[in-house]
Amino acid sequence: MLNLIRNEWMKLWHKKATWIMTIILVIMLIGIAGIMKWATSNMQQAEETHSWEENLAENQAMLKAELSNPNIGKAEKESLEEELALTEYRLDNNRAPLDPNSRESYVVNSHSMLSMVTLFVVIAAASIVATEFSQGTIKMLLSRPVKRWKILTSKYLTSILFALFLIVVAIVSTIIAGYLFYDSSGGSLLEYKAGSVVEISYWGRVLTLYGLQFVGVLIYTTFAFMMGSVFRSSSLAIGLSIFLLFMGPNVVFFLSRFEFTKYILFTHTDLTGYITGNMFIQGISMPFSIAVLAVYVLIFLVISYWSFIRRDVTA
Amino acid sequence: MEKQPIVELRQLSKTIGKKKIIDNLNLQLYPGQITGFLGPNGAGKTTTIRMMAGLMRPTSGEVFVEGQSVTEHFEETMSKVGVIVENPEMYKYMSGWKNLLHFARMNKSVTKERITEVVEQVGMQNRIHEKVSKYSLGMRQRLGLAQALLHRPKFLILDEPTNGLDPAGIREFRAHLRKIAIEDGVSVFVSSHLLSEIELMCDRIAVIQNGQLIDIREMNQVEEAHYYIEAQPAEQARELLTARGLSLEVSGAGFITKVEQEKIPELIHLMVEANIQVFAVQPYRKTLEDQFLEMTGGGQIAESHTK
Ligand SMILES: Nc1ncnc2c1ncn2[C@@H]1O[C@H](COP(=O)(O)OP(=O)(O)O)[C@@H](O)[C@H]1O
Ligand SMILES: [Mg+2]
């Protein structure tokens, strides 16, 4: 199996597209950071700046005013109380929040930039099986004393390895961009947990967010991999996968009021929502999402293997 | 032929959709022998070979390699088989060497030394580190042969290997196959739609048409049976030869006749004594080609060529 993965890795890096994608990723991540920095620094000159204590004190007064309104709902009241607790904790214990223009908040917020990694990994995973068919090399590959399931497994593992590689490249590029364009500032992350405020580690948060984003990347990788195995044509597989990659979340957004939406794959592909609080739909939990994703991945893999092992090779 | 066959096709059939592409094929292949697989385009040669290489599942029947079924014992059987199906498609974006390394890693026992050895065997040592996309068709065929030989297969399958080779290339290729068959006892199975390209390298020829095996013959049976005789005056020669009980068929300036090899000196002697000038007496090879055309219907070959 190790030899098979070495083979796939070798083929992957002999394709120009792989290098181009990696280089584009680095350039984009660093370039976008530069542009964003430039744009915000232009805007800020107009604004007058306050200290974080002033901002939070203002915020505290506002929250209190809202809470004194007797007409607000129960859920809203809870979330306002949570926010108030966090604000008061910061003021009482002198814990500054992350400065939005600091290196730290740039790195922690950039996890959403990983959609570019998703795009590139989808292209690679959709091609890894399909190009063997479109270039006719599949008959050379499969007339060896190696069972088909082993070959497919090596290709799947290589796709995942490539996804991991690109994530690491993305994280490193983001950190480099952070150092290039932003200054460090103190500040801490707080979380409201079981009725009390706790401080959480910065790097722990970064890793959690990127890790959860990576789960999404894996789901799309598996999906694209299945498309390549079923259609045996890289353009069709890449096209369909990218189409769904962009359409899926929008469809979920439009369907969010229906009950069945919670069984749709795309509702769950962005697990970072559970941390950042940006969820499309309510009433689902992390374990539920993970269960749904696991079922989808299993289905995708069964279809991939079935299609690859059972069907005749006529390419 | 009392030897054990190394490969055996038993009642092999393949139906795709409603079309019966391969119909009940039975064939045995022996070590050290080169068997030709002859048939017009579309006869089912590639389909048969795909089933032998484990790329397609037979609808019924089985392929056995040293007694083991290819579908049931895929890894054991395929480690004894080297194959080129249609054109050898290699990874064009990698060098020939990397391609061989890639395939070598898929067999348990192929070392770097073995790769070097095979590269020399097919005469590619000078250009093996260039990208395959820069190779000519002839070089790709050589590289294809190299990848098929890497793991020292006992059985070598080549599908239309002479496609794209010039006559010199074909001659070299033929010598190569002979050597592999004789020295290493490899059983070779070569398909072609042109008899002329494989008749000189084969010990036997199996003829397939419309998915059915219509003939299997040993080459030396046919070759010596017919002779071409050219002599002047032709009329006198004809009288003399027919008087010896031979039936003649006019062909160009001479005759074709069926006669055993040991009678030839006597015939020449008789003609010379009768003051007939003998210009040529030679074994007549075309017979097989003619028979092949007769069997498969010459017109149909031309037809399937055009599609
Ligand atoms: N995948 C397929 N689906 C349907 N028909 C096929 C397929 N592959 C081959 N055929 C048909 O099977 C016949 C034999 O094809 P093939 O084995 O390629 O012939 P050959 O190699 O002798 O030229 C042809 O008539 C061809 O059209
Ligand atoms: Mg063919």
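Residues numbered from 1 in each chain as written. Chains lettered and ligands numbered in written order. Predicted model: local features only at pLDDT ≥ 70, side-chain atom pairs only at ≥ 80, totals over all residues. Heavy atoms only, no water.

Section: the domain arrangement of chain B
Part 1 of the reasoning: Split by domain assignment, chain B resolves into domain 1 (7–80 + 153–218) and domain 2 (226–284).
Part 2 of the reasoning: On a C-alpha basis, the centroid separation for the pair domain 1 of chain B and domain 2 of chain B is 39 Å. (Domains from an automatic or database assignment.)

Points about the sheet that holds strand S2 (residues 19–29) of chain B
Residues and elements named next belong to chain B.
Part 1 of the reasoning: In space, the 4 strands of this open sheet follow the order S2-S1-S4-S5, with antiparallel pairing throughout. Lying at the two open borders of the sheet, with one neighbouring strand each, are S2 and strand S5 (68–69).
Part 2 of the reasoning: Taken together, the 5 bridges between strand S1 (residues 7–16) and strand S4 (residues 60–65) define a ladder with antiparallel strand orientation. Bridged to glutamate 8 within S4 is phenylalanine 64.
Part 3 of the reasoning: Each of S1, S2 and S4 touches helix H1 (residues 45–52); the most contacted strand, S1, lies at about 120 degrees to it. (Pairing = 2+ DSSP bridges. Helix = DSSP H or I, 4+ residues; strand = E, 2+ residues; numbered from the N terminus. Contact = heavy atoms within 4.5 Å. Axes fitted to C-alpha atoms, helices over the stretch in contact; angles between N-to-C directions.)

Quick word on the environment of arginine 152 of chain B
Residues and elements named next belong to chain B.
Part 1 of the reasoning: Residue position: arginine 152 is located in the loop between helix H5 (137–149) and strand S7 (155–159).
Part 2 of the reasoning: By relative accessible area, which is 55% here, arginine 152 ends up exposed.
Part 3 of the reasoning: Taking the C-alpha atoms as reference points, arginine 152 and arginine 217, separated by 65 residues in sequence, lie 28 Å from one another.
Part 4 of the reasoning: Within polar-contact distance, the side chain of arginine 152 engages the side chain of glutamate 117 at 3.4 Å. (Buried < 20%, exposed > 50% of the residue type's maximum accessible area, 1.4 Å probe, protein only. Polar contact = N/O pair within 3.5 Å; in protein donor to acceptor, adjacent residues only side chain to side chain.)

A few points about the site of ligand 1
Part 1 of the reasoning: Taken together, Thr314 of chain A together with Ile16, Lys19, Ile21, Pro40, Asn41, Gly42, Ala43, Gly44, Lys45, Thr46 and Thr47 of chain B make up the full set of residues adjacent to ligand 1.
Part 2 of the reasoning: Of the chains in the model, those with residues near ligand 1 are chains A and B.
Part 3 of the reasoning: At 2.7 Å from an oxygen atom of ligand 1 is found a main-chain nitrogen or oxygen belonging to glycine 42 of chain B.
Part 4 of the reasoning: In this structure, alanine 43 of chain B approaches ligand 1 through a main-chain N or O atom, which is 3.3 Å from an oxygen atom.
Part 5 of the reasoning: Burial of ligand 1 by the surrounding chains reaches 67%, relative to a free accessible area of 560 Å².
Part 6 of the reasoning: The element best represented in the shell around ligand 1 is H1 of chain B, accounting for 3 residues.
Part 7 of the reasoning: Residues that form the shell around ligand 1 fall into these classes: 4 nonpolar, 6 polar and 2 charged. (Near = heavy atom within 4 Å. Areas by Shrake-Rupley, 256 points an atom, 1.4 Å probe, with all protein chains shown as cover. Nonpolar A, V, L, I, M, F, W, Y, C, P; charged D, E, K, R; others polar.)

Section: the sheet that holds strand S13 (residues 254–258) of chain B
Residues and elements named next belong to chain B.
Part 1 of the reasoning: Strand order in the open sheet formed by 4 strands is S12-S13-S11-S14, with antiparallel pairing between adjacent strands. One side of each edge strand has no neighbouring strand; the edge strands of this open sheet are strand S12 (248–251) and strand S14 (277–283). Each strand of the sheet is rotated relative to its neighbour by a mean of 25 degrees, with strand direction disregarded.
Part 2 of the reasoning: Strand direction decides the pairing type here: strand S11 (residues 226–232) and S13, joined by 4 bridges, are antiparallel. Opposite tyrosine 227, over in S13, you have threonine 257 as the bridge partner.
Part 3 of the reasoning: Each of S11 and S14 touches helix H10 (residues 264–273); the most contacted strand, S14, lies at about 165 degrees to it.

Section: the confidence of the model for chain B
Fine structural detail should not be taken from predicted coordinates in areas where pLDDT scores are low.
Residues and elements named next belong to chain B.
Part 1 of the reasoning: Overall, the prediction assigns chain B a mean pLDDT of 85, with 90% of residues at 70 or greater.
Part 2 of the reasoning: Helix H3 (residues 96–104) holds the highest mean pLDDT among the elements of chain B, 95, whereas helix H12 (residues 298–306) holds the lowest, 41.
Part 3 of the reasoning: Below pLDDT 50 for its whole length, residues 299–307 participates in 9 contacts with residues either more than four positions away or in separate chains. (pLDDT = per-residue confidence, 0-100.)

Examining helix H3 (residues 52–67) of chain A
Residue and element names in this part refer to chain A.
Part 1 of the reasoning: Compared with the 22 Å implied by 1.5 Å per residue over 16 residues, the 22 Å span of H3 between its first and last C-alpha is a close match.
Part 2 of the reasoning: Regarding H3, the residues found buried are Leu56, Gln60, Leu63 and Leu67. Mapping the buried residues of H3 onto a view down its axis gives an arc of 70 degrees, with all of them on the same face. (Expected span 1.5 Å × (residues − 1). Arc of directions from axis to C-beta.)

As for the interface of chain A and chain B
Part 1 of the reasoning: Each partner contributes residues to the interface: chain A has 29 residues there, and chain B has 30 residues.
Part 2 of the reasoning: For the pair chain A and chain B, the summed buried surface comes to about 3,000 Å²; carbon and sulfur atoms form 55% of the total.
Part 3 of the reasoning: Inspection of the chain A/chain B interface yields 3 salt bridges.
Part 4 of the reasoning: Lysine 14 of chain B is the partner of aspartate 312 of chain A in a salt bridge, and the nearest nitrogen-oxygen pair spans 2.5 Å.
Part 5 of the reasoning: Of all the secondary structure elements, the ones that give two or more residues to the side of chain A that touches chain B are helix H1 (2–13), helix H7 (138–142) and helix H8 (148–181) of chain A.
Part 6 of the reasoning: The element best represented in the side of chain A that touches chain B is H1 of chain A, accounting for 6 residues.
Part 7 of the reasoning: The class makeup of the residues in the side of chain A that touches chain B is 10 nonpolar, 8 polar and 11 charged. (Buried area = accessible area lost by both parts, 1.4 Å probe. Salt bridge = Lys/Arg side-chain N within 4 Å of Asp/Glu carboxyl O.)

Examining the environment of isoleucine 32 of chain A
Residues and elements named next belong to chain A.
Part 1 of the reasoning: Here isoleucine 32 shows up in helix H2 (residues 16–44).
Part 2 of the reasoning: For isoleucine 32 and leucine 166, which are 134 residues apart along the polypeptide, the C-alpha to C-alpha distance reads 17 Å.
Part 3 of the reasoning: With near-sequence residues (within four places) excluded, isoleucine 32 lies in contact with Ile27 and Met113.

Focus on the pattern of salt bridges
Part 1 of the reasoning: If you walk through the whole model with that rule in mind, you get 21 salt bridges over all chains.
Part 2 of the reasoning: Among the ionic pairs, glutamate 75 of chain B bridges to lysine 150 of chain A, the shortest N-O distance being 2.9 Å. Taken together, the positions of glutamate 75 of chain B in helix H2 (residues 74–78) and lysine 150 of chain A in helix H8 put the pair across two chains.
Part 3 of the reasoning: A relative accessible area of 18% means that glutamate 75 of chain B is categorised as buried.
Part 4 of the reasoning: By relative accessible area, lysine 150 of chain A is classed as partly exposed at 25%.
Part 5 of the reasoning: Here glutamate 266 of chain B and arginine 244 of chain B are joined by a salt bridge, their closest N and O atoms 2.5 Å apart. Remark: arginine 244 of chain B occurs in the loop between helix H9 (234–243) and S12 and glutamate 266 of chain B occurs in helix H10; sequence separation between them is 22 residues.
Part 6 of the reasoning: What makes glutamate 266 of chain B partly exposed here is its relative accessible area of 38%.
Part 7 of the reasoning: Look at arginine 244 of chain B and you get partly exposed, because its relative accessible area is 44%.
Part 8 of the reasoning: What emerges from the salt-bridge pattern is a single network uniting Glu8, Lys11, Glu132 and Lys155 of chain A.

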